[in-house]
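Survey of secondary and tertiary structure
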Amino acid sequence: MLKDIIYTGLGAAAIFKERVEEEVKKLEEKGKIKREDAKSFLDSIEKKGREEDEKFRANMKETLKEIIDELGLATKEDLEKLKESLK
């Protein structure tokens, strides 16, 4: 289910990116926007997308850690500590 949500979000983002690029290209062809402005706009959207992706990943990681803690599941770190104590 989580994979489906992530894939849906990625697919929507890809479609949105394509649509924005198409519309900016149309404006550029009609002379309503300069090439430099179009590139700057697309670059800023891409940068914002990367920033949001980083935030999403950080939030997802934190949420998963909380779930693991709540369920009382052992982590790799816990298992390594156990191994060391058994030596």
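Keep in mind that this is a model prediction, so the values were computed, not measured.

1. Remarks on the overall build of the protein chain
- Along the protein chain, the regular secondary structure elements total three helices and zero strands.
- Secondary structure elements of the protein chain, listed N to C terminal, follow the sequence α-α-α.
- Taking 2.2 N^0.38 as the reference for a compact globule, 87 residues should give roughly 12 Å; the C-alpha atoms of the protein chain span a radius of gyration of 22 Å, well beyond that estimate.
- Taken along its principal axes, the extent of the C-alpha atoms in the protein chain is 70 × 25 × 15 Å.

2. A closer look at the pattern of salt bridges
- Applying the stated rule across the entire model yields 11 salt bridges.
- In this structure, Asp 43 and Lys 39 form a salt bridge, with 3.1 Å as the shortest nitrogen-oxygen distance. Of this pair, Asp 43 and Lys 39 are both found in helix α2 (residues 35-71), four residues apart, which corresponds to roughly one turn of the helix.
- Residue Asp 43 is classed as partly exposed on the basis of its relative accessible area, which comes to 36%.
- We note a salt bridge from Glu 80 to Lys 83, for which the minimum N-O separation is 3.7 Å.

3. A short note on the environment of Gly 31
- On the secondary structure map, Gly 31 appears in the loop between α1 (2-29) and α2.
- Taking the C-alpha atoms as reference points, Gly 31 and Phe 16, separated by 15 residues in sequence, lie 23 Å from one another.

4. Describing the confidence of the model for the protein chain
- With 99% of its residues at a pLDDT of 70 or more, the protein chain has an overall mean of 87.
- Of all secondary-structure elements in the protein chain, the lowest mean pLDDT belongs to α1, at 84, while helix α3 (residues 76-86) reaches the highest, 91.

5. Re the layout of surface pockets
- Considering only enclosed or pocket space, the largest pocket measures out at about 700 Å³ in volume.
- Looking at the largest pocket, it is lined by 18 residues, and the ones nearest its centre are Gly 9, Leu 10, Ala 13, Gly 49 and Asp 53.
- Elements represented by at least two residues in the lining of the largest pocket include exactly α1 and α2.
- Of the residues contributing to the lining of the largest pocket, the split by class is nine nonpolar, two polar and seven charged.

Conventions adopted
- Residues numbered from 1 in each chain as written.
- Predicted model: local features only at pLDDT ≥ 70, side-chain atom pairs only at ≥ 80, totals over all residues.
- Heavy atoms only, no water.
- Helix = DSSP H or I, 4+ residues; strand = E, 2+ residues; numbered from the N terminus.
- Rg over C-alpha atoms; globule rule 2.2 N^0.38 Å.
- Salt bridge = Lys/Arg side-chain N within 4 Å of Asp/Glu carboxyl O.
- Buried < 20%, exposed > 50% of the residue type's maximum accessible area, 1.4 Å probe, protein only.
- pLDDT = per-residue confidence, 0-100.
- 1 Å grid on protein atoms, 1.4 Å probe; cavity = no way out; pocket = protein on both sides within 12 Å on 5 of 7 lines; lining within 4 Å.
- Points joined across faces, edges and corners; volume = space filled by probe spheres on them.
- Nonpolar A, V, L, I, M, F, W, Y, C, P; charged D, E, K, R; others polar.

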